[in-house]
Amino acid sequence: MKLFKTLSASPLQIGLLLVCYNVYAQNPSQVDVLTTDQGLLFRDVRAIAQDSSGHMWFGTSQGLNRYDGYQFKTYNSDKKNPNFIEEEHFTAEMVINGAEDALWFMANDRLFNLHLSTDLTKEYNEAQNIKGKVLRLLKTADNGIWIITDDFWKNQSQDSKQYLQKFEDGNFKVMASIPRTNRGFSRLLQDAEGFLWWSTPNGNLKFNTEGKLEASYDLGNYEWFGSEMHFVTSFFDHKNTHYYFPHLGGIKVFDEQSQISKQVLDVDNEFAYAIEDKQNHVWFAGHQTLYRMSPKGDFTDYTEILKARFDFTQINRLFIDANNLLWVATDNGLFKIRTGEQMFNNLLNSNKNGWGNTMRGIFEDSQGFIYALCESEGQLLYQNLNGKLDTLKLFTADNSKIELNYAASFFVTNKDKNVVFTVGKTMYKINLETGETKCYNQFIPKLKVYGPNPMIRLSDGRLLFGYTLARLTMFNPETEESELVFKDPSIFSEISDLTYFFQDDENNTVWVGTQNDGLLKININGTIEQRYSINTKPNISKNRILVLEGDTDGSLWIGTYGGGLNHLSADGQTNIVYTRAEGLADNNVVGIMRDELSNLWISTYNGISNMDKQSGHFQNFYAEDGLSHNEFNYSSSFKDSKNNYYFGGMNGLNSFKPEQIFKTSEQSHLRFTGISRYNSKLKSRFNSDYSYLENKKLEISPYDQYFEINWTMPSYFQNNKNTYSTKLEGFEDQWFYQGNSASIRYNQLPAGDYVLKVKGKDSRGNEATSILSIPITVRQIFYKKWWFIVLVLLLIIGIMYSIFRYRFQQALAMERLRTKISSDLHDDVGSLLSGLAMQTELMEINASEADKFKLQKIAGISRNAISQMRDLVWSIDSRRETIEDLIERMHELAEELLLPKNISFQIDNSTIKNPNKKLPAQTKQNIFLIYKESITNVLRHSDATNVTIVISNQATGCQLFIQDNGSKKECYKSTGLGLSNMEMRAKHIKGSLSFQKENGFGVLLNLPFQL
C-alpha cells in the first residue's frame, strides 16, 4: 500500500521533495564574520593570537588590533596614538608567551615583543644576535621561542644563510643554519613528539630541540619561475600524522617509517595551512579554499559557504581559540566557524532562503513513518524508515475538496496508528495506508474555517475538538457519536478562540488554552473548575496561550504569546514566569516537550531552548547550530517511538536526540577589561585598562561624576547574542538583566564599599564558568571624612567653649558687680540714709511745731528709702539667689508690713522640692516685687485681717497666690508698682497675672516653670 502512495504523487511533487531532502552537512549559519564593518582596523589580516585573558589579537598590514568581543584597541605607527608600535606591516605569525605576559610579533621582517600589561614594545635585532630578516616565528610546547632568520639582504652574496635560532637568556642562539638559495621560502612547525620541522626550498628538515638534525626529506620537487624547488609545507595532528601539501594540489600523508606517501584528498587546489580542533577535525586551507576532514577521514568543503559571506582572494592564517572556534584570516576580513558537528537533522525542508516549507501537525504511523502537514503546500508529507520523503495523496469517495492549509494544525491518530483525524474546514478521517479521507460535514458549524481548531484524544479514546466553549465537542471514533461538553451554554460566559488542549492526570479534567481569556480547567462533564489570567491570583504572564505540557509532579508548563514560559504549581497556588531575561530564547513559546531526564525542550519564534528544571538554566540553539530556521510553528512538536524529537518551523522539520546535543560548546570566562570615568574637578575623561592587572579592586574618586565598567566574555561566535546580568552588592539587592551590553554606568554613587557581580551567557545560553566579582570603593569627599568631621566638631566645641567661657566670665563679672553694688548700697547709702533719719529725729526734738511735721516727713521718707533700698539690694545680691532665700525674704516682708497692722498671714510652700535651686536675678526680682506690691495693696486698700500666701508647683509650672479676707475693695492706681507694673513684670518672666475679687481680693501669678 505504501507503493500506492508513492506512485500517486506527481513527478513535480517528487522533484520538490528530492530538493527538500538535500541536507547540507555544513550549515551556512555556522559561519560568522568579523570585518571592517564591525570595527576591524584593516581588512588584510596576516596573523592571529589569543592571550590568557581571552582577548583576540589580529595583525594586519596596517597595524595591530586587540579585540575583546565589543571593542578594538589599535596599535600602529601613528605617533599620536598612545599605543604606538614602530612597525605596523605584519608579515607572518605572532604568538603569546603567557610566562612573559608578552606578545611576540613580526612586522616588516623585524621581531618585536609587546608587554601586554604595560603596552611597552621592545625590538630584537643584531644586538640580540638576530641574523638579518626574521622570516618565521614559533612557540614550542615548552614555551620556547624559535625563529628563522635570513641574512641574504644583508650580505647579498652566495655565502648567505638561513638560521634556526632559539631565544635563551635574552639573546637568540643559532641552533642550525643552511645555505640560502635564490628563494627565501621557509616554514617552521613542531610535531606531536616535540621535533621541529623546517620547510626549506631544498626539502624538509627535522631537528630536535637541541638543534641537531635528525632527518631530511624531499616531499616534492617542481619548477618555480626557472628554479627547481623542493619547498613543501606540512602539518602534524595530535597522533603525529604527517600531512603535507604538494605544489600541484591536494593533501598527502607521509609515513616516516616506510617513506611512503598516501593521497587523502585529490583536488587541484594547493593548500598552505592546516589546524586541528578539539573534536579532532583537521581543517585545511588553500589560497581560496577551506576543507574539513573528520576523524573518520571524510572531507567537507566549506569554500562556497565562505564565499557566500564575503569576497576574498587569499586565506592568510587559521587559528583555533580557547572556545574551539576556528578563525580564518583572509585579505578581506575574518571568518569565525563553529567546529562541532551539526546537532540537528533537517527534513522536509527546502533549500531556498527564508521561509520554505512551513510545517505543522507532526505525527507517526504504525510503521514508524513521520508525517507533517506542509502548510505552504497544503499537503501531508512523510519520511519512511529509509529516509525517503514523499507526499500522501488525499482523496474522498465523492471527490469533494479537502482543505488543510490553515485550519488543520492538530492531527490525532487512533490507537492502531493507521488512521489520523484532523479538523480543518470540517473534521477529516484520513486512512494512512491509502490516503482515502472521510469528511464529517455535520461539524462545520462547530469549527473555525479561518484558523486552527485544537484537538486531542482523551484517555478513553474519544476526540475533543472545537474553538468555543459552547461548540466544544466530544466524538467517539468507534461509534461516530458526538456530544457537546457544555449542554447548557447559559451557565457561563462564552469564550471563543480556544487554542490548545491538554488532558490532566485526572481522567475527566482538561486544561484549555485560549487566545484572549487565559487558561481554563474544565471537567468534560460540563463544568469550569478553574480560571487563570493576567488578573487572577496567581496570575499568568499573558492571556494568549499557545501550548500546554504537564509535568510528573502534576504541575503545568504554559507557553504564551509574548509572555514567555509559565510554570503553574500542582496546587494552583503559585506561578513562575521565565522570559528572555532568565535565558529563554524568545518570549513566544510554541512547543514544549519533556525528555527522559524530565528537562524541557522549548521551541520559540527565535530558536530552541533546553531548560534544566533543577537549576533553571537555559541552553539555546539557533540556525548556526544546525536548525533549518530560527522560527518555529504553533502545534508543531512531536516525540516518536524511537525517542527522536521533532520541531516544525518555517522551513521543514528539525529532529534530534537530546543525549547527542547536551553541552556541546565550551564554557567561557568573564573578564574585567577596564573602566572609564569623568572627573568633574579636572574636567576630563579617563580610561583605564584592567585586562592584565592582578589587583582588580577599583577606587573611585569623589569627584568622578560617573564611571563605566567594561567586561567581556571571550565567546566570539555570534557574540551579539551574549547576554549579561549584574548586581551591585551594597547598593542593589537583585540581579538586573543588561541584555548584550557588556558595560554598566553608575552616576555619583554614594561613598562606600561595593562589589559588582556579573553573570554571562553565550549565544546558546551556556553560563560563564563563574560570576565576575569586581570590588569597588567609592572614596568619601574630604569634608565628609571622619577626620574632617572630627576636626569640625572639635572646632565647634572650641568655639562653643570659648563663647561659654566668655559668657561665664561675663556672668561672673556681673555677679561680682552685683555683689559689690549691693554691698556698697547697703554699707554706704544705707548708712547715709540711716544717719539722715537719725539726725532728723534729733532735730525734731528741739524743732517748732511747724518744723516737726516737715522733719517727721523727711524721716519717714528716709526710712521708706531705706526699706526700698534694702529690697533692691536683696534682689540684686548674688549671694541671695535661691528659692529658699526668696521665701525667707517674703516672710520678713510680711512680718514687717502686716504684723504691725494686726494682720495675720500664712505662707504655704510645701510643694517646693528643691529650695536650694538658684533663680535668675531678674526672675527673683520680678517675683518678689509682684509679691511686695500685692502685700502693699492689702495694707493700702483692704480691711483684711488675714492674708494667705500659697506657692505651689504643678505639672506645667508654678503658681503664686496671694489672697486676703477683706471686704473693702477699692479701685486704685499706684504711683509705683501698680497693677499694670505687676502685669508687666509677669510678662518679663513669661508668666500671666490674674485677679480675683470673690471672698476678698486675690492675686494669681502663673509661671511657666517650677520653683
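The paragraphs below set out a description of the structure included in this document. (Residues numbered from 1 in each chain as written. Predicted model: local features only at pLDDT ≥ 70, side-chain atom pairs only at ≥ 80, totals over all residues. Heavy atoms only, no water.)

**Concerning the packing of aromatic side chains**
Consideration 1: Tallied over the entire structure, the rule returns 67 aromatic pairs.
Consideration 2: Geometrically, the ring pair formed by W601 and F656 is tilted, given 4.7 Å between the ring centres and 50° between the ring planes. Residue W601 is located in strand β54 (residues 600-604), and its partner F656 is located in strand β59 (residues 652-656); the two are separated by 55 residues in the primary sequence. In this structure, W601 and F656 share a single accessibility class: buried.
Consideration 3: Here W711 and Y724 contribute two aromatic rings whose centre-to-centre distance is 5.8 Å and whose plane-to-plane angle is 75°, an arrangement assigned as edge-to-face. Pair noted here: W711 is in strand β63 (residues 704-712) and Y724 is in strand β64 (residues 723-729), with a separation of 13 residues, a long-range link. This pair shows no difference in class: W711 is buried, exactly as Y724 is.
Consideration 4: Linked through ring pairs, F235, Y243, F245, F271, F284, Y291 and F299 together constitute an aromatic cluster.
Consideration 5: The cationic tip of R180 hangs over the ring face of F152; the distance from NZ or CZ to the ring centre is 4.1 Å.
Consideration 6: When the ring centre of F195 is taken as reference, the NZ or CZ atom of K206 above it lies at 4.4 Å. (Phe/Tyr/Trp six-rings, centres within 6.5 Å; stacked < 30°, edge-to-face > 60°. Helix = DSSP H or I, 4+ residues; strand = E, 2+ residues; numbered from the N terminus. Buried < 20%, exposed > 50% of the residue type's maximum accessible area, 1.4 Å probe, protein only. Lys NZ or Arg CZ within 6 Å of the ring centre and 35° of its normal.)

**A short note on the pairing of strand β35 (residues 389-392)**
Consideration 1: Residues L389 and T391 point to one face of β35 and D390 and L392 to the other, with burial holding for every one of them.
Consideration 2: For strand β34 (residues 379-383) and β35, the ladder comprises four bridges, and the chain directions are antiparallel. Within the sheet, the bridge partner assigned to Q383 lies in β35 and is L389.
Consideration 3: Where β34 folds back on β35, the antiparallel hairpin that results is connected by five residues, among which G387 adopts a positive phi of roughly 90°. (Pairing = 2+ DSSP bridges.)

**Describing the side chain of S61**
Consideration 1: Tracing the backbone through its elements, the reader meets S61 in the loop between β3 (56-60) and β4 (63-67).
Consideration 2: Looking at S61, the relative accessible area reads 15%, which means it is buried.
Consideration 3: With near-sequence residues (within four places) excluded, S61 lies in contact with F42, D44, R46, E88, H89 and F90. (Contact = heavy atoms within 4.5 Å.)

**What to know about unusual backbone geometry**
Consideration 1: The linkage connecting K537 with the following residue, P538, adopts the cis geometry, with an omega of 0°.
Consideration 2: Along the chain, P538 falls in the loop between β48 (527-532) and β49 (545-550).
Consideration 3: Positive phi outside glycine occurs at N280, with the angle close to 65°.
Consideration 4: Considering the arrangement of structural elements, one finds N280 in the loop between β24 (271-276) and β25 (282-286).
Consideration 5: The phi dihedral of S598 falls on the positive side, at around 65°, and the residue is not glycine.

**Regarding the sheet that holds β64**
What holds strands together in a sheet is hydrogen bonding between their backbones, with the strands either parallel or antiparallel.
Consideration 1: The five strands are arranged β62-β68-β67-β64-β65 in an open sheet whose pairing can be described as mixed. The sheet is open, and its two edges are formed by β62 (698-700) and β65 (736-739), each paired on a single side. Averaged over all adjacent pairs, the angle separating strand axes in this sheet is 30°, with direction ignored.
Consideration 2: Pairing between β64 and β65: three bridges, direction antiparallel. Bridge pairing links T726 to F736 in β65. (Axes fitted to C-alpha atoms, helices over the stretch in contact; angles between N-to-C directions.)

**Notes on the sheet that holds strand β22 (residues 251-255)**
Consideration 1: The antiparallel open sheet is built from four strands, whose spatial order is β20-β21-β22-β23. Whereas interior strands pair on both sides, the edge strands pair on one side only; in this sheet they are β20 (233-236) and β23 (260-265). Averaged over all pairs of adjacent strands, the angle between their axes in this sheet comes to 30°, without regard to strand direction.

**Quick look at the packing of helix α8 (residues 921-941) against helix α9 (residues 979-988)**
Consideration 1: Where α8 meets α9, the closest approach of the two axes is 9 Å, and the angle between their N-to-C directions is 160°. Relative to α9, the element α8 is oriented roughly antiparallel. For the pair α8 and α9, the sense of crossing is left-handed. Here N926, L929, I930, E933, S934 and N937 of α8 lie close against α9, whose contacting residues are L979, M982, R985, A986 and H988. (Parallel < 35°, antiparallel > 145°, perpendicular 65-115°, else oblique. Left-handed = near helix turned anticlockwise from the far one by under 90°.)

**Here we look at the pairing of β54**
Consideration 1: Of all five residues in β54, five are buried, a share of seventy percent or more.
Consideration 2: By the alternation rule, side chains of β54 split into L600, I602 and T604 and W601 and S603, which are all buried.
Consideration 3: In this structure, strand β53 (residues 589-594) lies alongside β54, joined through five bridges in antiparallel fashion. Bridge assignment links M593 to a residue of β54, and that residue is W601.
Consideration 4: Hairpin connection between β53 and β54: a loop of five residues separates the two successive antiparallel strands, and S598 in this loop has a positive phi of roughly 65°.
Consideration 5: As paired strands, β54 and strand β55 (residues 607-612) are joined by five bridges and run antiparallel to one another. Its bridge partner being in β55, L600 is matched across the sheet by M611.

**Notes on the pattern of salt bridges**
Consideration 1: Applying the stated criterion to the full structure yields 32 salt bridges.
Consideration 2: Between D689 and R66 there is a salt bridge whose closest N-O contact spans 2.9 Å. Remark: R66 occurs in strand β4 and D689 occurs in strand β61 (residues 684-689); sequence separation between them is 623 residues.
Consideration 3: Judged by its relative accessible area of 30%, D689 falls in the partly exposed class.
Consideration 4: Between R317 and E93 there is a salt bridge; the shortest N-O distance is 3.8 Å. Of this pair, R317 sits in strand β28 (residues 315-320) while E93 sits in strand β6 (residues 90-97); the two residues are 224 residues apart in sequence, bridging distant segments of the chain. For the residue pair R317 and E93, the accessibility class agrees, reading buried in each case.
Consideration 5: Taken together, the shared-partner salt bridges connect R66, K73, D119 and D689 into one network. (Salt bridge = Lys/Arg side-chain N within 4 Å of Asp/Glu carboxyl O.)

**Quick notes on the nonpolar core**
Consideration 1: Among the nonpolar cores identified, the biggest contains 49 residues, and M427, M455, L519 and L565 are the most heavily contacted of them.
Consideration 2: Not counting residues up to four positions away in its chain, the partners in contact with M455 are F410, V412, F421, T422, V423, M427, L463, L464, F465 and F501.
Consideration 3: Counting 35 residues, the second largest nonpolar core, distinct from the first, contains L929, L960, I962 and L1005. (Core = buried A, V, L, I, M, F, W, Y, C linked by side-chain atoms within 4.5 Å.)

**Concerning the environment of T313**
Consideration 1: Relative to the elements of secondary structure, T313 occurs in the loop between α4 (303-309) and β28.
Consideration 2: Residues T313 and D331 lie 18 residues apart in sequence; the distance between their C-alpha atoms is 6.6 Å.
Consideration 3: Every residue in contact with T313, bar those within four places of it in the chain, is listed here: H287, Q288 and D331.

**Brief notes about the packing of helix α7 (residues 883-897) against α8**
In a packed pair of helices, the relevant descriptors are the angle between the two axes and the axis-to-axis distance.
Consideration 1: At a closest axis distance of 11 Å, the pairing of α7 and α8 adopts a crossing angle of 20°. In terms of orientation, α7 lies roughly parallel with respect to α8. For α7 against α8, the interelement crossing comes out right-handed. Residues L886, R889, M890, L893, A894 and L897 of α7 form the contact with α8, whose own contacting residues are K924, I927, F928, Y931, K932, I935, T936 and L939.
Consideration 2: Within the contact of α7 with α8, the residues separate by chemical class into 10 nonpolar, one polar and three charged. (Nonpolar A, V, L, I, M, F, W, Y, C, P; charged D, E, K, R; others polar.)

**Describing the environment of D553**
Consideration 1: With respect to the helices, strands and loops of the structure, D553 is situated in the loop between β49 and β50 (556-560).
Consideration 2: When the C-alpha atoms of D553 and S569 are compared, they prove to be 8.6 Å apart, with 16 residues separating the residues in sequence.
Consideration 3: Within the structure, the side chain of D553 is placed 2.6 Å from the side chain of S555, a separation counted as a polar contact. (Polar contact = N/O pair within 3.5 Å; in protein donor to acceptor, adjacent residues only side chain to side chain.)

**Topic: α9**
In an α-helix, one turn spans 3.6 residues; hence positions three or four apart end up facing the same way.
Consideration 1: Looking only at α9, the buried set comprises M982, R985 and A986. One face of α9 carries all of its buried residues, which in axial projection span an arc of 105°. In α9, the exposed positions angled more than 90 degrees off the buried face are occupied by S980, K987 and H988.
Consideration 2: Taken together, the buried residues of α9 touch α8, β72 (992-996) and β73 (1002-1007). (Arc of directions from axis to C-beta.)

**Observations concerning the environment of G194**
Consideration 1: On the secondary structure map, G194 appears in the loop between β14 (187-190) and β15 (196-200).
Consideration 2: Owing to a relative accessible area of 21%, G194 belongs among the partly exposed residues under this scheme.
Consideration 3: Along the sequence, G194 and F207 sit 13 residues apart, while their C-alpha atoms lie 9.3 Å from each other.

Geometric values such as these leave the question of function open.
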